[in-house]
Each structure stands twice: as C-alpha cells, then as structure tokens.
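Here is how the chains run, residue by residue.
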Amino acid sequence: MSRRLSEGGRLIDREVPLGFLWNNRRLTGFRGDTLASALLANDQQLAGRSFKYHRPRGIVTAGPEEPNALVQLGHGASSEPNLRATTVELADGLRATSQNHWPSLEFDIGAATGYLAPLFAAGFYYKTFMWPRVAWKHVFEPLIRRSAGLGIPPTQPDPDHYEHYHAHVDVLVVGSGIAGLVAAGAAADAGARVLVLEQNPEFGGRAPVDGITVDGLAASEWIDDCVADLAWRDLVRVRNRTTVLGVYDHGYVFACEHRPRPNMDKSRADAPRQRLWRIRARQIVMATGAIERPLAFAGNDVPGVMLASAARDYAVNFGVGIGDRVVVVTNNDSAYLTATALAEAGIGIAGILDIRESPAGPALDRARAVGLDVRTGMSVASVFGRRQVLGVSATASNGDGARTERIVANAVVMSGGWSPSVHLWSHCGGKLAWDANRGCFLPDADRPPAGADGVGMVIPVGAANGTMDASGIPDEAVRAGREAARRAGHRGRRGRQSSASHPAQAEDAAESQPELAWMVPRQAKRSLRSRAFLDYQNDVKVTDIELAVREGFQSVEHAKRYTTLGMATDQGKLSNVNGIGILATSMGQEIAGVGTTTFRPPYTPLTLGAIAGEAHGPLFKPVRKTPMDGWHDDHGAHWEPVADWRRPYCYLRDGETVKAAINREILNTRRRVGLLDASTLGKILVSGPDSGRFLDMLYTGRMSTLRQGRCRYGLMCNENGFLIDDGVIARLGEETFLCHTTSGGSDRIHAWMEEWLQTEWWTWKVWTVNLTEQFVQVGIVGPEARTVMERLGNIDVSDEALRFMDHVDGELAGFPVRLFRISFSGELSYEIQLPAAAGLEFWTQALEAGADLGIQPYGTEALHVMRAEKGFIMIGDETDGTVTPQDLGLDWAVSRLKSDYLGKRAQARSYLNAPDRWRLVGLATEDPNAVLPDGAYATDGSRQQDGGKTMIGRVTSSYWSPTINRSIALGLVERGPDRMGEVIGFPVESGRTIRAKIVDPVFLGQDAGANA
Amino acid sequence: MLILTCPCCGAEADETELASGGEAHIQRQGPESTDAAFEAYLFQRKNPSGVHFERWRHAFGCGKWFHAARCTRTLEVFGTYTAQSLKPPKWILDRIRKRRPDWAGPLP
C-alpha cells in the first residue's frame, strides 16, 4: 500500500515519477525523494538488520545520522556499500539492496543470535579473547567474521573518477539554516571571502519544516531570497550537497561534495562522482544545527519507531505518512510540531505521551486546540511487534512500567530532546561543557579550537550553540558573522548591507526545554531495560552500559569501547548522549562529571575514491625517465623500479627468458663490450672555498687531498655511524667536486648536504647543486671498450693518458663530455657524462661504433651480478641502515687520521666494535647449482629463550654467475671473516637447508681492478 | 596540517610543503664527547605538552631550513626564525612569555 499523502511534500515533484529497485522489487518514487522517503512511501519500513543481533530495523531518521537504513547501492564495479538511505537522492533506475542479512531481509538466520542475546552482552568480544584460548581461533573468530560486516565492497576497479579541489577562504560557514545564512551575509558585508557549505541538496536546514517565520515570511521563502542574494555576491560562494567532514590544525577543513547522477549504474565521464574539498579557512562558523535524540524505552528499535523530527520531515518535505495511527512520546515541546503537522496531514494521532507531569506552552495549546489527546506524566513502557509496530503499552513515566494500558498504533514517534551538532568544534581540540538546563553538551566558549594565532577558529551559532529558539538566532548570527570576519582580518563594512540576509526577527513555533529521562519509565524493570536500545547500529542496550559499569568500565572512554557504544558507522550521533546519561545514572553521578568521548573526523563516512582523488594509476606517483627511456622501451626493456626511476632490468630478445637475457648480457660484457645507461646515478656539484673541508666531514674518507683529474670512492654515514650512501667523487677544480650518489640517493643526499650546511656549518662557504637530471651517464664496459672509445672521438684513452680513477674533459661523437675511467664490474670501463639532451644521440652512436665488436646494452641485473662477482657492495643490499663500513670490510675507505667526520664518534661506541657483529663474507653453496634465496637466514641449530632458532647471519645478495658458472652470494655473518672455510646452513622453505661455505667475498679475479 | 611562515622566502607554507626535522637547538657532539653526551645528542629529545622549538624545512618551496616555536597543545605558533641561530631570539621568547605567562619551560 502507498503511504504517500494526497497532498504536501515541498521537495518532491509529483509530475516526475522515478522507478527504482529495492531488493529486486520494482518500486516508484518521485523526483526529490530520498531513497528513505521513497521506501516509506511504499510502506517499506523494514530497511535493514542490526550488526550484532540481526534485529529487524526500520528507518529512524531523515538525515545523515541514520543508524539503521544502510544500503548497498548499484551493482558491479560502481556498487557502493553502507550508504544511508536517508541521504541517497532517488534516481531513475536506482538499485538498492539491504545489508547484513541472510538469506533475506524478511527472514534472517542470523537473527537467532538475538535469542542468545545474554551471551552477546557488552564486552562479548573481549571475553572471547580471554578464555578458552583455542575457542577464539576456531569458534568465535570464524563465527564473528561470518556474521559481522555490513555491505559488500565491489571487486572490480572503480570506473568513476574523483577529484580534489582546493579552496582558500576567510570564513567558512558550515550549514545553511537561518543561522548560517545570516552569519554568511554578515561576514561578507564586513569584506570577508565566504564559503557556505550545505550537506543537503536543499538549503535552509530545519526552518522550513519547523514552521518558523522570518520577518513575516515563511522560512522557505526567506531562505530562497537569502541564498539568491548571497550567491549573487562576488565574495560569497554557496554549495549544496557538500558535507564538511573534518576540521584540522590551523583551519584546514575537508568536505565531500556528492554529485547526483541520472543513472546510478553508469559512470559519468564528464564529471567526477565525488569531489573532495580541501579548504583553508581563517575562521569557521559552525551553524550545523542539532540532531534529535531518541528516548530509551523497551522496543524502541521496532521498525515504525522514528524520531519525531524525521516523521515531520517525511510528511512536510516528501508528503509521506509513516503510519495512520501514531503514538507520540516526548520529553519536550518539539514533538508537538510533529503531532500537529501529522494531524493536519490527516494522519491519526493515537495519543501524545508527555513524560513531563505538567508541561505548558503554545505548542501544547495548539495540539489540544486541534483535539489531540495529550497525556502528561506518561510514557511508553514497551512497544508491541517485532517487524513492525502493532501498538504500545503506556505507563506512568515515573513508575516501573508494571501498570500499563494498551494503545493500538502502527507507528511511534519519539523525542528525547536535541543534541547540538558540535562535532566540528571538537575535531581540533575544542572542549564541550554539559548544560544541565538545556540538557545537552555545548561548545565551551572558553576552550575553543585555536588557530595559528592562538585565537579560536570556530564560532558556533544557532542550534549548534544551544540556541533552540529561532527568535534568538538572527542577532546571534550577525554577531558571529562579523566576529569571524574581524578575526580573519576584515573590519570593514564594504559592500552593501543586505536586508535579505539581515532579518529583524524570527519566530519559532515551539520552544524546547526537555525534561531529561535517560530511560522511560524511570524505574523500569530489567526486562524493559534489556530491550531499550541506545545504539541501534551496534546493538547496545541500557543493560549493556549498566553491565560495563558493574564490571569496572566506568570511565566514559572505557564504557564506550567495552560496549561499542557510538563506535558504529554513525559514530553515535543518536546514541552518545543517551549512553552517557545511562552511564552517569548507573554510577549515581552528574553528566558533567562523567564527560563525553571526543568526536573525531570524519563526520560521516567518505569513500576511499574521494580520498585518493586523481592520485591513482600512472598519476599515483610520477615515474622519472632518462633521455634514453624510449630507446630502451623499443628494444625489449624489462623494467624495474629503481627509486623514482624506471630502469631496464634486462633487454629481452625475441623468445628469450629473463634469466637467459641476464646471462647473455653478463657474458657479452665480460667477453666483448656492454653499454649501460647509468644516467640515474646522482650527480651533485659541490663548490666553494670550504668544499674540501665539507666533503671531509661528509665522507668517511679524506676528499680534500684528492688531486684534480682524479676520482676517489667515498662512503657516507649518518651520525649513528651507519652507511647511508656511497659513490665516486671527482675533483673538477681547486674548489669544485662532483659527487656521485646512488640512484635512489640523489635527492636524499643533496638534502643531507644542505641540512648540514644550513643548520650546522652555516659559516662555511660551500654551494651544492643537484645536477642529476642535467647530465646522462653512459658506461662502456668490457675488453673492447677502449676500441669503441677510440672510434667515438679523439680523447687519448690509453692506460698512460687515462689511468684507472682518472677523469678528463673532451669531445666524443661531437658532444662535450666528461670521461671517467671507473669500474663497477672489474672490467675495463669508461663512464661518459654529457648533457642530457645529447644522451639519446650519443647512445645510438656508441651502439653503432661498437656494432661489429658485438656491443650490447645491459640492464641493472647484469650490473648487479657483475659487481657481486667482484665483491663490491651495494647500498640497500649489503646495507640496511644498521651496517657500518667496518662491518663490510671497508676500513680502507675510512680515514683514521681525520679528527672528525659524520659517524666517527658513533663508530667508536662499544657495540659497534663488538667482536660478534655480523660482517661481510662470500657464501659458496656446497651445491654450485643451488642459489640461496635473497634474505635467507643462517642458523646454528641452537634455540633462543622464546624457542626461536638462533640466527647467525643472512644473505644480502645472491645470484647465478654465468662467468664462473656457479651460484654466488654475499652475506653478513656473525664473526664472518674469522670463520673462513666454515660451512653454515640456511634453512629455506619446506624443511630444506642449503649449506654454504664462508669464503672471500671476491669471487672473480682476486686481483680486483687490475684489468679495469 | 599546520601553516608555518618560512622566514627565508616568506611563504605561508602548508604542512604538505614542509618536512619536519624534530627538536631544534640540539648541540652536535663530536669525537671528543663522552658516551653520555653523545647518547643524549643522538637519542634524547624533549616531548613537551606546550611550548616547543622545532626544526622545519621548506622542502617543496625554497628548500631552506628554519626554526619554529609553537605550542604542541593548542598548535599556536609563536613565530618562525632562521635556522642559523644557536638559541631562540629574544623577540620569540618575549612573544612566548606574553602568550604563556606561566611558561617556565627550559630554554633550549
């Protein structure tokens, strides 16, 4: 049956029906509906199942605070779980399914847990951890994992796109109710740049529904005028469908804009699905309104029990009646608005139960005037029905619920008072204070979240500030807007005064002073308290809080975590205050003494897509490429990431395996000649009168004595004495050095140099420039390298003219070059540095020059194998941030004579000189064909106290060497160099142990460098 | 997401432009230092709830290091000043004392 009223519904367009699917059932709503209003219009109150007990649950709110009606939207790749039906705008063809049930919403096996509720009481999870130990792993965890969980994440990549948008404003106004709009106008009048963000599609907040008039106009008319006026101004931007989610340090705010789309299952290529706003605001006006609280009574979670304000929203905004015999239960005046609104819409009111003994005021008078049955001092004792409301038992609100009277009804609306939405105040450190008169937590004006200047950066206004009566709002909001502008540096009154946004007065239809009762009836028996829900989504009942208190979890933070109160996806928007009320009552304390937990962002859940924005796929992290990258790609490059770069791991020929390609490249380089793109090497120019002194501090070796035209291998350590980088340093001039760094180290080492120059030795005259990308570097390596060099130009590359570790400037292939005779493979090797723009041309000329000599490019893996064959270390392989030069047998590169260098003091610490440190050795497997896994640990057969095997070393590099036709490995082994010839075991997978002999790390040609 | 004004280039820099460098005014200990002094230099850092002096680098801006004095509790920034200083300048200390009359924290 339809619950759509024959009239009313200010937000819907009855001319535009929209078809949608609910659990594969075809239903119809109107344009302007939310999914929730359309479901209610189709008499679909049952909307989901609760998390723990799988109890049937209905729509209880009309906003983002909805705990129950969580739905899965769409299907396939675009599917989105856990959306609140109350905030989903209805669209043609929308598909929504309910969650957390099996096999169906109407019949859910999991609901059996409801009968076991006593077993699943507060702290259930924690208790399962405790005892018996095996039960957690084999019984509880599988059970909980199967039954828990809400929606289902899509398994395919998201076809939609998302974007980030940056905004800088003087004043951010959150919320477009009367308070927000007036404050925005006042701030703009003072000359501030203002951004107004509204979470809903429509502006105005609750005012249009609650019968408020502004300057004699109905609220909705005044709001339309005011928004139009604000939108017209240069200084103001107004956006709807944009929820402010978090307030952070120094006015950083983020908000998510949802963009509706005509068809839920189609991605929109032309526009992002969601837009994450990243806002810097000097001041934030928090005009976020208030959220109505439920009342705790037995059966308050039966579908058909709803917040009074929500029932009013559905009637006024969407023309939907939630029932035809409605019981109203309240502790304040605002629910009377609902009673009269529903009555005016022709809905039968079965009675108003007001827990107050003698309430009075205009709202009551109006209700009585239209003939409604107001019964004071009464409350609901219990709700009949399981999947829908069948009626209630009414009882004296101060009693124990024993004497009752049955009222037949099919809906219950409740109001437990209002909780100001103070979340944004709390996100960045603002404190709250309990206001006993108004019955709510309010921003404590003396303890605001502060900005960089130490002044409060959030100004609460309107209902969010506890101003529940609209008549007080215009003046307060003007003050707030002006104050925000003033704090943002705008004292002027530029621009015109707008009458539209400066109303003289507003009139409210109801005042709202609640009489607090955290459980009704107040003396309720346990049988009632154990069915009175506080947190609907996490199934926390009044008795759960009481149990937590009995078991000692009395701090509000402990009680929250023990019971999971407020920890569901709605973050306790409805439940927190009621839960704290019960907690205080159970301990016989005042709420002010109990305090509240801290609200944390985000205000409502947001998608990972919105967080990622455009930063995914190739845009996630830009790849650095050398000028020869395209050539590599065209010639079979098998890529590997090296720091920010991509480098060819090897070059694959047709039909070749990676392994075969590596072996071919190694043998070709060792027997003929190879070509290496070494452009990724860091190249940092260090210049100035103090450059030698500076490099003596940075490197463990002495660099100031290096002669011009010569190169020296250098090691860099941090102040802990551990290796951080290595490379070849060339002295280019009296005051100028070129420092090579590892490929991954260029930016880091340049920053390291700058840090010491700027923060420690700032009087030293040294200038550093990172030239890494300005120059390419090409290695020509192998027995035929000299012939290739001679063909490329007229530089004398004879042993006499260019010795090992010499460098010279000259011209090759028509380009100015700097030529280094250095080697990382033990072969005769030249490295040519030249301007990046000439890199590709030089590369191809070198290939041509060596074509008849068998020249081939080789990749990083061949490079690695060849250096390991010679026992050369690699930063990041042999080092891991805990390895010293001495550990690697590199004492020869550490100066003992220098009075100081970075790491020297640390290397004198006792534990870095301990005899049992793990030190570098070669590892020759007994089976020459067995290649040790990288990172494998050696054990000595003994056990540690905790039962783990004692590890005595590990493999740091391991390869197949085609040159010597066996496996080779480097490793760090306890007292390694003292144990030459000893065989140690490396346990690997499936119980196997690979045995290897400790040998010298130099596998190839003990006369290292002789042929270089 | 702090905003700190780089005293070198003057930019009001967002935290994403900055790299933090821990406590400021740590005196380097060289080869002659005692074990205790060297250990303190490497590992011992203040972690006050309140006034703190920090090193920051305008990493994605002018690249310069600078110092900031701020309150770790309220995030109030008392000022930023050049990294080429052994101690906080007087004007920074004056400003801190004005804003935090009770401040008795040890000077760096």
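Calculation rules
Residues numbered from 1 in each chain as written. Chains lettered and ligands numbered in written order. Predicted model: local features only at pLDDT ≥ 70, side-chain atom pairs only at ≥ 80, totals over all residues. Heavy atoms only, no water. Helix = DSSP H or I, 4+ residues; strand = E, 2+ residues; numbered from the N terminus. Rg over C-alpha atoms; globule rule 2.2 N^0.38 Å. Buried < 20%, exposed > 50% of the residue type's maximum accessible area, 1.4 Å probe, protein only. Lys, Arg positive; Asp, Glu negative; His and termini not counted. Charge placed at Lys NZ, Arg CZ, Asp CG, Glu CD. Contact = heavy atoms within 4.5 Å. Areas by Shrake-Rupley, 256 points an atom, 1.4 Å probe, with all protein chains shown as cover. pLDDT = per-residue confidence, 0-100. Buried area = accessible area lost by both parts, 1.4 Å probe. Salt bridge = Lys/Arg side-chain N within 4 Å of Asp/Glu carboxyl O. Polar contact = N/O pair within 3.5 Å; in protein donor to acceptor, adjacent residues only side chain to side chain. Core = buried A, V, L, I, M, F, W, Y, C linked by side-chain atoms within 4.5 Å. Pairing = 2+ DSSP bridges. Axes fitted to C-alpha atoms, helices over the stretch in contact; angles between N-to-C directions. Left-handed = near helix turned anticlockwise from the far one by under 90°. Nonpolar A, V, L, I, M, F, W, Y, C, P; charged D, E, K, R; others polar. Phe/Tyr/Trp six-rings, centres within 6.5 Å; stacked < 30°, edge-to-face > 60°. Lys NZ or Arg CZ within 6 Å of the ring centre and 35° of its normal. Expected span 1.5 Å × (residues − 1).

1. Examining the overall build of chain B
The helix and strand inventory of chain B stands at two helices and six strands. In terms of overall size, chain B behaves like a compact globule, its C-alpha atoms giving a radius of gyration of 14 Å where 108 residues would be expected to give roughly 13 Å. Its C-alpha atoms put chain B at 40 × 35 × 25 Å along the principal axes. A total of 108 residues make up chain B; the buried ones form 44% of that total. Mean positive and mean negative side-chain charge positions of chain B (15 and 12 charges, respectively) differ by 5 Å.

2. Digging into the overall build of chain A
The secondary structure content of chain A amounts to 25 helices and 50 strands. Principal axes of the C-alpha set define a box for chain A whose edges measure 115 × 70 × 55 Å. Contacts in chain A between residues far apart in sequence, at least 24 positions, make up 67% of those at least 6 positions apart. A total accessible area of about 40200 Å² is found for chain A, and carbon and sulfur atoms account for 51% of it. Distance between charge centres in chain A, computed from 109 positive and 118 negative side chains, equals 4 Å.

3. A few points about the confidence of the model for chain B
For chain B, per-residue confidence averages 95 on the pLDDT scale, and residues scoring 70 or more make up 100% of the total. Scored as a complex, the prediction yields pTM 0.91 and ipTM 0.98.

4. Digging into the interface of chain A and chain B
Often the size quoted for an interface is simply the accessible area lost on bringing the parts together. Each side of the interface is counted separately: chain A has 31 residues, and chain B has 32 residues. Taking both sides of the interface into account, the surface hidden between chain A and chain B amounts to around 2600 Å²; carbon and sulfur atoms contribute 49%. Considering only the surface of chain A that becomes buried against chain B, H250, Q758 and R905 of chain A emerge as the three largest contributors, covering 26% of it. Summed over the shared surface of chain A and chain B, the result is six salt bridges. A salt bridge links E755 of chain A to R55 of chain B; the nearest nitrogen and oxygen atoms lie 2.5 Å apart. The interface formed by chain A and chain B contains 17 residue pairs in polar contact (both at pLDDT 80 or more). Elements with a minimum of two residues in the side of chain A that touches chain B: β15 (274-286), α21 (746-759) and α25 (904-907) of chain A.

5. Details of the nonpolar core
Residues and elements named next belong to chain A. L35 and F297 are the most contacted members of the largest nonpolar core, which totals 81 residues. What F297 contacts, discounting residues up to four positions off in sequence, is V305, V329, V380, V383, V412, M414, M519, V520, R531, A532 and F533. In terms of nonpolar packing, the next biggest core, distinct from the first, is built from 58 residues, A255, A532, I545 and L565 among them.

6. Focus: the environment of V392 of chain A
Residue and element names in this part refer to chain A. You can see V392 is positioned in strand β22 (residues 391-396). For V392 and L40, which are 352 residues apart along the polypeptide, the C-alpha to C-alpha distance reads 21 Å. Not counting the four nearest positions on each side in its chain, V392 is found in contact with V327, V380, S382, V383, F384, E405, R406, I407 and V412.

7. Some remarks on the sheet that holds strand β6 (residues 80-84) of chain A
All names here are of chain A. With mixed pairing, the five strands of this open sheet are ordered in space as β2-β1-β7-β5-β6. Edge positions in the sheet fall to β2 (25-31) and β6, since each has one partner strand and no second. Each neighbouring strand pair of the sheet contributes to a mean axis angle of 40°, computed without reference to strand direction. Relative to strand β7 (residues 94-98), strand β5 (residues 70-73) runs antiparallel, the two being bridged by three bridges. Counted as the bridge partner of L73 is A96 from β7.

8. A word on the pairing of strand β1 (residues 13-22) of chain A
All names here are of chain A. The pairing of β1 with β2 spans seven bridges and is antiparallel. When the bridges of β2 are listed, L18 appears paired with G29. The turn linking β1 back onto β2 is made up of two residues, and N23 within it adopts a positive phi angle of 50°. Relative to β7, β1 runs parallel, the two being bridged by three bridges. When the sheet's bridge partners are listed, F20 is paired in β7 with L94.

9. Some details on the pairing of strand β9 (residues 194-197) of chain A
Residue and element names in this part refer to chain A. Here β9 shows a buried face lined by V194 and V196 and a second buried face lined by L195 and L197. Note that strand β8 (residues 162-174) and β9 share four bridges and pair parallel. From the neighbouring strand, V174 faces β9, where its bridge partner is L197. In the sheet, β9 pairs with strand β12 (residues 236-239) via four bridges, with the strands oriented parallel. Its bridge partner lying in β12, V194 is registered against V236.

10. Let's talk about the pattern of salt bridges
With the rule as written, the count across this model stands at 65 salt bridges over all chains. One salt bridge in this structure joins E76 of chain B and R100 of chain B, with 3.2 Å as the shortest N-O distance. Here the residue E76 of chain B occupies a position in the loop between β5 (65-71) and β6 (77-82), and R100 of chain B occupies one in the segment after α2 (90-99), the gap between them amounting to 24 residues. Both residues of the pair, E76 of chain B and R100 of chain B, count as buried. One continuous salt-bridge network, built from bridges that share partners, spans K621, R624, D644, D747 and E773 of chain A.

11. Some thoughts on the packing of helix α22 (residues 785-792) of chain A against helix α23 (residues 839-849) of chain A
Helix packing geometry: the angle between the two helix axes and the distance between the axes. Residues and elements named next belong to chain A. Two elements in contact, α22 and α23, have axes separated by 9 Å at closest approach and are oriented at 120°. Considering the relative orientation of α22 and α23, their crossing is right-handed. Facing α22, whose interface residues are V788, R791 and L792, α23 presents F842, Q845, A846 and A849. In the contact of α22 with α23, the residues fall into five nonpolar, one polar and one charged.

12. With respect to unusual backbone geometry
All names here are of chain A. Backbone torsion omega between V520 and P521 reads -10°, so that peptide bond is classified as cis. Mapping P521 onto the fold places it in the loop between β29 (506-507) and α12 (526-529). With omega at 0°, the peptide bond leading from P601 into P602 counts as cis. As for its position among the elements, P602 is in the loop between α16 (591-594) and α17 (608-612).

13. What about the packing of aromatic side chains?
By the definition in use, this model includes 18 aromatic pairs over all chains. Between W434 of chain A and W518 of chain A the ring centres are 6.2 Å apart and the planes differ by 50°, which places this aromatic pair in the tilted class. Highlighted residues: W434 of chain A in strand β26 (residues 432-435) and W518 of chain A in the loop between β29 and α12, separated in sequence by 84 residues. Exposure remark for W518 of chain A: the relative accessible area of 13% places this residue in the buried category. Ring geometry for F553 of chain A against Y562 of chain A: centres 3.8 Å apart, planes inclined by 15°, an arrangement best described as stacked. Feature note: the residues F694, W752, W756, W761 and W764 of chain A constitute an aromatic cluster, connected by ring pairs. Seen from the ring of F533 of chain A, R57 of chain A lies directly overhead, with NZ or CZ sitting 4.7 Å from the centre. The ring of W65 of chain B carries the charged tip of R55 of chain B above its face, separated from the ring centre by 4.3 Å.

14. Digging into the environment of G29 of chain A
Residue and element names in this part refer to chain A. Mapped onto the secondary structure, G29 falls in strand β2. Judged by relative accessible area, G29 falls into the buried class, the value being 1%. Once the C-alpha coordinates of G29 and I407 are considered, the two residues, 378 residues apart in sequence, prove to be 32 Å apart. Residues within four places of G29 in sequence aside, it is in contact with R4, V16, P17, L18, F20, A38 and L90.

15. A few points about helix α19 (residues 658-671) of chain A
Residue and element names in this part refer to chain A. The end-to-end C-alpha separation of α19 is 20 Å, in line with the 20 Å expected for 14 residues at 1.5 Å each. Across the 14 residues that make up α19, a large majority, ten, are buried. Listed in full, the buried residues belonging to α19 are A661, I662, N663, R664, E665, I666, L667, N668, T669 and R670. Where the residues of α19 are buried, they touch β33 (645-651), β34 (674-677), β40 (775-781), β44 (856-857), α24 (860-869) and β47 (949-961).

16. What to know about the side chain of D160 of chain A
All names here are of chain A. On the secondary structure map, D160 appears in the loop between α4 (133-147) and β8. We classify D160 as buried; its relative accessible area is 5%. Within the structure, the side chain of D160 is placed 2.8 Å from the side chain of R273, a separation counted as a polar contact.

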